[in-house]
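# Report on the structure
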Amino acid sequence: MKKKYNNILDKFVQWGQACDTLKAALIIGSQVRKEHVADDYSDLDLVMIVDDHEPFITSKQWLEDFGTLHISHYVNINTGGWNNWAWRTVYDDVLDIDFAIVPIKEI
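Residues numbered from 1 in each chain as written. Predicted model: local features only at pLDDT ≥ 70, side-chain atom pairs only at ≥ 80, totals over all residues. Heavy atoms only, no water.

## So, the pattern of salt bridges
A pair can form between side chains of opposite charge whenever their charged atoms are brought close. Applying the stated rule across the entire model yields three salt bridges. The partner of lysine 2 in a salt bridge is aspartate 40, with the nearest N and O atoms 3.7 Å apart. Placement of lysine 2 in the segment before helix H1 (6–18) and of aspartate 40 in the loop between strand S1 (22–28) and strand S2 (44–50) is noted, with a sequence separation of 38 residues between them. For lysine 2, a relative accessible area of 27% translates into the label partly exposed. (Salt bridge = Lys/Arg side-chain N within 4 Å of Asp/Glu carboxyl O. Helix = DSSP H or I, 4+ residues; strand = E, 2+ residues; numbered from the N terminus. Buried < 20%, exposed > 50% of the residue type's maximum accessible area, 1.4 Å probe, protein only.)

Below, the structure is given as structure tokens:
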């Protein structure tokens, strides 16, 4: 994984430890792939398994806990039979992070 994401991931871990509704989080995609590894322009893909997705999709305030948020765009995704939601975001230093929100009942 590219070191440029370390600081924001540290903030996410601290936030996640205090968030009762977050049950698990996974990094997926090019940042953790062993073959065809991430390049300098690759984003960070985080999957969040949560009890209740509503607070995460009705407000983007929680996204501001990780740094200065410059761009955010909310999308609904149906992937592999899952109906989930994602925030596509850009923070300082052009850190491009996708937060996929998956209700635990969908798993």
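## Overview of the nonpolar core
For soluble globular proteins, the rule of thumb is that nonpolar side chains tend to be buried together. Counting 24 residues, the largest nonpolar core has Trp15, Met48, Trp62, Tyr91 and Phe99 as the members making the most contacts within it. Those elements giving two or more residues to this core turn out to be H1, S2, helix H2 (54–58), strand S4 (82–91) and strand S5 (95–103). Setting aside residues up to four positions removed in sequence, methionine 48 forms contacts with Phe12, Trp15, Leu22, Ala24, Phe56, Trp62, Phe99, Ala100, Ile101 and Val102. (Core = buried A, V, L, I, M, F, W, Y, C linked by side-chain atoms within 4.5 Å. Contact = heavy atoms within 4.5 Å.)

## A word on the packing of aromatic side chains
In total, this model carries eleven aromatic pairs according to the counting rule given. Measuring from ring centre to ring centre gives 5.2 Å for phenylalanine 56 and tryptophan 62, while their planes differ by 90°; the resulting arrangement is edge-to-face. When sorted by exposure, phenylalanine 56 lands in the same class as tryptophan 62, which is buried. Here the aromatic rings of tyrosine 74 and tryptophan 87 are separated by 5.4 Å at their centres, their planes lie at 55°, and the arrangement is tilted. Of this pair, tyrosine 74 sits in strand S3 (residues 69–79) while tryptophan 87 sits in strand S4, and the two are 13 residues apart along the sequence. The class for tyrosine 74 is partly exposed, based on a relative accessible area of 32%. Here the aromatic cluster, defined as three or more aromatic residues joined through ring pairs, consists of Phe12, Trp15, Phe56, Trp62, Phe66 and Phe99. (Phe/Tyr/Trp six-rings, centres within 6.5 Å; stacked < 30°, edge-to-face > 60°.)

So, to be careful, I would describe these as geometric facts and stop short of saying anything about function.
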